[in-house]
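What the coordinates show
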Amino acid sequence: MSAETWQQVVFWIFALLITGAGVLVVTTRNVIHAALWLVGALMGAAAMYVLLFAEFVAWVQVLVYVGAIVVLMLFGLMLTRAPIGSAEFDNNQRPLAALCAAAVFVVTSVILIGAFEGQEINFARTAGTSTESIGTAIFSSYVWPFEVVSILLLAALVGAVVIARRD
Amino acid sequence: MPEIALTTWQILLLKVAVILVVVPMGALVGGYAEHKVMAHLQHRLGPMYPGGFHGWATTLADGIKFLFKEDIIPAAADRKVFSLAPAAIMVPIIMVYLVIPMDRTLVVEDLDVGIFYLLAISSLSTIGILMAGWSSANKYALIGALRSAAQLIAYELPIVLSAAAVAMLAGTLSLNGIVEAQNFPFILWPPGIGLALFLVFVTGAVAEMTRVPFDMPVAESEIITGPFTEYTGMRYIFSHMFAEMGHMVAFGGIATTLFLGGYRPIIPWEPLELIPGVVWFAAKTMMMIFLFLWIRPTFPRVREDQLQKFAWKFLIPVSLALILFTGAWVLYV
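The model shown is predicted, which means the values in this text are computed figures rather than measured ones.

**Brief notes about unusual backbone geometry**
Residues and elements named next belong to chain B. Phi at His-43 takes a positive value of approximately 65°, unusual for a residue other than glycine. Mapped onto the elements of the fold, His-43 is located in the loop between helix 1 (8–41) and helix 2 (58–67). Classification of His-43 by C-beta neighbours within 10 Å gives exposed; the count is 6. At Thr-210, a residue that is not glycine, the phi angle is positive and equals roughly 50°. Structurally, Thr-210 is set in the loop between helix 8 (193–208) and helix 9 (220–223).

This is the structure:
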C-alpha cells in the first residue's frame, strides 16, 4: 500500500474513534465518564493533527485541552458534586442540549464548507518543520491579535481572582 | 561482520522494545538505589540479605511478592475506571522516554518539537491519578487525587517556563538540538541564570513526582497512600511505585538533557570526547537520580497551603523573571 492509502486508513480509524468517543461523551449518564470520553475524543483530534504534519498544534492540543482543561473539569467535578464511585449523575436537559449541538453543528459546517470547499490538502507540501513558521507568523503578521488575546486572558484571570476572593 | 540491513519499521520496533526494557529496569534500579541511598543517608544499612551482596535482589523480591498478591477491586468502585487508571498513569511515563536522546543517534525519535512533546505527555498522567482517586469510592483516595491534581497543575507551570527558557537559549525545540547547543552545559553558562533555571526545574520535577517534601497527595500519616489507597498487587506497583520510579528516572534524563549537556562531556575538552556519549548520559542521569533521592530524607513535608503558596507566589514569579533575564541574555550577550 502506498503512503497515501495508509494515511486514509489511519484517518478513518481515528475518525471512527473520535466520533464514537464524542457520542459517548453526550450519551453516558455519568458526568465523570463523559469527561473521560472527552479525553479520547481530544486525543483523537491530536492524532489527526499529527496526520496532517501539524505536530506543534497536535501537542498544543494535548497540553492545553487534555492536560489542562479536562484535568480542571475533572478536578471541578470531583471537588464539588460528582458522587464517588459508580453512581449515576445526570439531568433532564437532553432535548435542549441536542438542539444547541445541532445548531452549532450546522453553523460550523456552513462556515467551514463556505471557506474551504473544493480545496485539497497537499500532503507532500506540508512535510517538514512547521513550528518555526507558526512562531514567525504569530509574532509578525498576527502579533496584534496575539497581544489582544493575551490582554483578554489576563483580564479574565484577574476577574476570576476578584470573584473568588472572599474578603 | 555481516551487514545487517533493517527497514525503518524494524528499527523503530527494536527501539521501542529497548525502551520497554529500559523503563522497568530503570525503575528496579531506582527502587534499590532509593532503599540503599536513603538508608546510608540516615546512618542505617538498609536491605543487606536478599541476593547476598548488599541485598541487591530486594526490589526484585518485592516485585515478585506483589505479583502474587490478590487483585482486589472494592465493591463500591467504578470497576472499569478503577482497572484502567494504572495504565493511564503508566503509558504517558513510558512515552516520555521516546524522545530523550541517550546518545547522538540513540533516541527513538528526534522530534522537531521534542521538548514540547515531553511537557504535553508528562501532563497526561494527572488524568490517570484523578481516575484512580475518584473510582476507588474512598474519601482518602479522592482527597489524595484532588491534592495531586492541584499540585501537578501548580508545579507544571514552573517546569514549562524553565523549559521554555532553555528552548530560548538553544534556539530550538528539538532535544538533540538543545544538547548540541550546549558547548558548556546550560547549568554553568549563562552564569547564574542557568543554575537558577535548573533549581526551578528540579523543584518542579520533585513536586511532579509527588516525592518528599511535596508528597501531600500520598501523605501516609493522614491519607494512607492517597489515590492508590484501594489498589493491591500489580496494580498498586504499576500505579504508585513503578510510576514514581519511572517518573524519577525520566526527569533525571530530562534534566540531564536540558541543563547538564546530555550525552556531551561536561566541558568541551578533547580527551573527554573519547568517552562514549551514552556513558556521559548515564552518569549525569544517575547523578540527578541521586540528587532526587538525597532531597527525600533531607526536607520535611510541607503543608498543603504552603505547597500551593510556594508554587504560585514564589516559583512562578521567579521563573517568569528568569524568562525575562534569559531573553535579555539571548538578545544582548
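Text resumes after the structure shown.
**Brief notes about the packing of helix 3 (residues 79–96) of chain B against helix 4 (residues 114–122) of chain B**
Residue and element names in this part refer to chain B. Taken N-terminus to C-terminus, the directions of helix 3 and helix 4 make an angle of 165°; their axes are 9 Å apart at the nearest point. Classified by the angle their axes make, helix 3 and helix 4 are roughly antiparallel. Helix-helix and strand crossings are classified by hand; for helix 3 and helix 4 the assignment is left-handed. Only Leu-118, Ile-121 and Ser-122 of helix 4 make contact with helix 3, whose side of the interface consists of Pro-92, Met-95 and Val-96. When its residues are assigned to classes, the contact of helix 3 with helix 4 shows 5 nonpolar, 1 polar and no charged.

**Observations concerning the interface of chain A and chain B**
Facing the 21 residues of chain A at the interface are 25 residues of chain B. Contributing elements (two or more residues each) for the side of chain A that touches chain B: helix 2 (31–51) and helix 3 (55–80) of chain A. Sorting elements by how many residues they give to the side of chain A that touches chain B places helix 3 of chain A first, with 13 residues. Split by residue class, the side of chain A that touches chain B holds 15 nonpolar, 5 polar and 1 charged.

**Here we look at the packing of helix 2 of chain A against helix 3 of chain A**
To describe two helices that pack against each other, one gives the angle between their axes and the distance between the axes. Residue and element names in this part refer to chain A. The geometry of helix 2 relative to helix 3 is characterised by a closest axis approach of 8 Å and an angle of 175° between their N-to-C directions. Considering the angle they form, helix 2 stands roughly antiparallel to helix 3. Contacts between helix 2 and helix 3 involve Val-31, Ile-32, Ala-35, Leu-38, Val-39, Leu-42, Met-43, Ala-45, Ala-46, Tyr-49 and Val-50 from the former and Glu-55, Val-57, Ala-58, Gln-61, Val-62, Tyr-65, Val-66, Val-70, Met-73, Leu-74 and Leu-77 from the latter. For the contact of helix 2 with helix 3, the per-class residue count stands at 20 nonpolar, 1 polar and 1 charged.

Cut-offs used in this document
Sequence positions are assigned chain by chain, starting from 1 and proceeding in written order. In the order they appear in the text, chains get letters beginning with A and ligands get numbers beginning with 1. A pLDDT threshold of at least 70 governs which residues receive local features in this predicted model, and a stricter bar of 80 or more applies before side-chain atom pairs are shown or counted, although totals over entire chains, interfaces and linings include all residues. Each helix corresponds to a stretch of at least 4 residues labelled H or I by DSSP, and each strand to a stretch of at least 2 residues labelled E; elements are numbered beginning at the N terminus. As a rule, residues whose C-beta atom has 12 or fewer other C-beta atoms within 10 Å are exposed, those with 20 or more are buried, and those in between are partly exposed; C-beta atoms are placed from the backbone. For helices, the axis comes from a line fit to the C-alpha atoms of the stretch in contact; other axes are also lines fit to C-alpha atoms, and the angle between any two N-to-C directions lies between 0 and 180 degrees. Angle categories are assigned with fixed cut-offs, so that under 35 degrees is roughly parallel, over 145 is roughly antiparallel, 65 to 115 is roughly perpendicular, and the rest are oblique. Crossings are classed by handedness, with left-handed meaning an anticlockwise turn of the near helix from the far one by less than a right angle and right-handed meaning a clockwise turn. Here contacts are defined at the residue level, using C-beta atoms placed from the backbone and a cut-off of 7 Å between them. Residue classes follow a fixed rule: Ala, Val, Leu, Ile, Met, Phe, Trp, Tyr, Cys and Pro count as nonpolar, while Asp, Glu, Lys and Arg count as charged, and any other residue, Gly among them, counts as polar.

Such coordinate-based values are descriptive only and should not be taken to indicate function.
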